[in-house]
Amino acid sequence: MASLARLPSAFGLTLEDWIEWVEARGQSRFRAKQIVEWIYGRRAKSWDGMTNLPQALRAELETAFSLDRLAVVRATGSLDATRKFLFRLHDGRLVETVKIPANAHFDGGRSDRVTLCVSSQVGCAYDCKFCASGLAGFTRNLEVEEIVGQVVAAEEESGEAASNLVFMGMGEPLANLSRLTKAIAILNAPWGLDIGARHMTVSTSGLAPQIERLAELPVQIRLAISLHGASDEVRERIMPVNRKYPLARLFEALEVWRERKKQRITFEYILIEGVNDSPEQAALLARRAKPLDAKVNLIPYNVVEGLPWVRPSEARQESFLQILRRAGVVATLRREKGHDIAAACGQLRLQEETAEGVAVVRRKE
Ligand code: SAH
């Protein structure tokens, strides 16, 4: 059977795009408002059901855009109520989204929160030595509708609206900046998913020029930096990106961010035994965090199959934390959820569907 050409997804358009589209067809711009109300307000699954739109317009929409959701390949529930969704994209690639129950993530405290951890790329090119996501390399950027689509599908699958988003799934969000910012506009818009910008966190391995570009954006999204080393020597060993943007360059960008946003940056710092968990690194980290008034989020390393790293003892984690606190740094030690289903930080990895089911993609030699 000949397959029909794939229609563009309705989830990739902003209200401005819809206005342009309806006006090009001689329709009044309020039709665009009606369209987004059906898509996001009522989660319509067919154009035909959009009864307040003229029949001819509905027919045209039908042939122009798809309302298809990302296909759920697998939904895994963790004992601690974290859920992981594996979605199939139009080209058969797979991507994961994690739903984290209230209080599991940083900023914690409020009880009615539902945080979604969203992916930005299929695979990752940055090759951080402790992370599963880059083990099989980079495949492609996610499209706007695939970023928005993860939130739409995860909400519909779980029956709960997302209150918070963290761009901490697979991939480097700032390496997909133009699509990310358009997706954020749709996720943030009152006519769209209506998730407050202050409830969205973009996490980056430290792409300095892109941090500066993101700082120009007029929305108050939050920034988290995957630091993981307080000196170039230590950071370089586990994060090759540090060769391109050493700490001095990264901190220049963070100054720009501070200047523009007047908000607190978070440093994520995985503790890996014998690599970055020494008292000297803690003291150095405090010296870097203090002047920026950054918050430090310590994350005990999560085991990744095939990688040699070890999580330090709790005593060692605790003493690292205390050095930061004694230096006057706001710091937390994160107790993560979702380990039993490999949904914790750094455990999302490239997968593919095979005749036998879903399989992990091994490193391409
Ligand atoms: N590329 C972005 C977005 C991914 S966020 C970034 O680097 O920030 C995923 C977070 O999980 C990052 O802070 C990452 O450093 C962290 N992480 C990766 N591997 C991990 C592991 N094995 N254990 C704990 N955290 C890990």
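Thresholds, definitions, all that
- Residues numbered from 1 in each chain as written.
- Predicted model: local features only at pLDDT ≥ 70, side-chain atom pairs only at ≥ 80, totals over all residues.
- Heavy atoms only, no water.
- Domains from an automatic or database assignment.
- Contact = heavy atoms within 4.5 Å.
- Buried area = accessible area lost by both parts, 1.4 Å probe.
- Salt bridge = Lys/Arg side-chain N within 4 Å of Asp/Glu carboxyl O.
- Polar contact = N/O pair within 3.5 Å; in protein donor to acceptor, adjacent residues only side chain to side chain.
- Helix = DSSP H or I, 4+ residues; strand = E, 2+ residues; numbered from the N terminus.
- Nonpolar A, V, L, I, M, F, W, Y, C, P; charged D, E, K, R; others polar.
- Buried < 20%, exposed > 50% of the residue type's maximum accessible area, 1.4 Å probe, protein only.
- Phe/Tyr/Trp six-rings, centres within 6.5 Å; stacked < 30°, edge-to-face > 60°.
- Lys NZ or Arg CZ within 6 Å of the ring centre and 35° of its normal.
- Expected span 1.5 Å × (residues − 1).
- Pairing = 2+ DSSP bridges.
- Right-handed = clockwise from strand over helix to strand, strands pointing away.

Q: Quick one: what's the story with the domain arrangement of the chain, residue by residue and with numbers?
A: Domain annotation of the chain identifies domain 1 (10–64) and domain 2 (71–355). Contacts between domain 1 and domain 2 engage 10 residues on the former and 11 residues on the latter. Together domain 1 and domain 2 conceal approximately 1000 Å² of surface at their shared face, both sides included; 64% is due to carbon and sulfur atoms. Ranking the residues of domain 1 by area buried against domain 2 places Phe11, Tyr40 and Arg43 at the top, with a combined share of 53%. Inspection of the domain 1/domain 2 interface yields 4 salt bridges. Taking the shortest distance from any N to any O, the salt bridge between lysine 182 and aspartate 17 comes out at 2.8 Å. Between domain 1 and domain 2 we count 4 residue pairs in polar contact (both at pLDDT 80 or more) in total. Those elements that place two or more of their residues in the side of domain 1 that touches domain 2 are helix 1 (15–24) and helix 2 (30–41). For the side of domain 1 that touches domain 2, a count of residues per class yields 5 nonpolar, 2 polar and 3 charged.

Q: Could you give an account of the pattern of salt bridges, naming the residues involved and the relevant values?
A: Across all of its chains, the model carries 24 salt bridges by this definition. For lysine 45, the salt bridge identified is with glutamate 156, shortest N-O distance 3.9 Å. Note that lysine 45 is positioned in the loop between helix 2 and helix 3 (55–64) and glutamate 156 in helix 4 (residues 144–158), a separation of 111 residues in sequence. Here lysine 45 falls in the exposed class, since its relative accessible area comes to 59%. Classification of glutamate 156 by relative accessible area gives partly exposed; the value is 26%. Between glutamate 216 and arginine 260 there is a salt bridge; the shortest N-O distance is 2.2 Å. In this pair, glutamate 216 sits in helix 6 (residues 208–216) while arginine 260 sits in helix 9 (residues 247–261), placing the two residues 44 residues apart along the sequence.

Q: Break down the packing of aromatic side chains for me, with residues and values.
A: Per the counting criterion, the structure on display carries 9 aromatic pairs. With 5.6 Å between their ring centres and 50° between their planes, phenylalanine 251 and phenylalanine 267 make a pair best called tilted. With a gap of 16 residues between them, phenylalanine 251 in helix 9 and phenylalanine 267 in strand 10 (residues 266–271) connect regions that are remote in the sequence. In this structure, phenylalanine 251 and phenylalanine 267 share a single accessibility class: buried. Members of the aromatic cluster, joined through ring pairs, are Trp18, Trp21, Trp47 and Phe65. The ring of tryptophan 38 carries arginine 42 above its face, with NZ or CZ at 4.0 Å from the centroid.

Q: Describe helix 2, naming the residues involved and giving the relevant values.
A: With 12 residues, helix 2 extends 15 Å from end C-alpha to end C-alpha; this agrees with the ideal 16 Å at 1.5 Å per step. Turning to helix 2, its buried residues number three or more, namely Arg31, Ala32, Gln34, Ile35, Val36, Trp38, Ile39 and Tyr40. Looking one or two residues past helix 2, arginine 43 carries a phi angle of roughly 55°, positive in sign.

Q: Can you break down the pairing of strand 9 (residues 222–226) residue by residue, with the values?
A: Most of strand 9 is tucked away, with 4 of its 5 residues classed as buried. When strand 8 (residues 200–204) meets strand 9, the two strands line up parallel, connected through 4 bridges. If you follow valine 202 over to strand 9, its bridge partner there is leucine 223. Assessed by its sense of winding, the connection that carries the chain from strand 8 through helix 6 to strand 9 is right-handed. Taken together, the 3 bridges between strand 9 and strand 10 define a ladder with parallel strand orientation. Counted as the bridge partner of serine 226 is glutamate 268 from strand 10.

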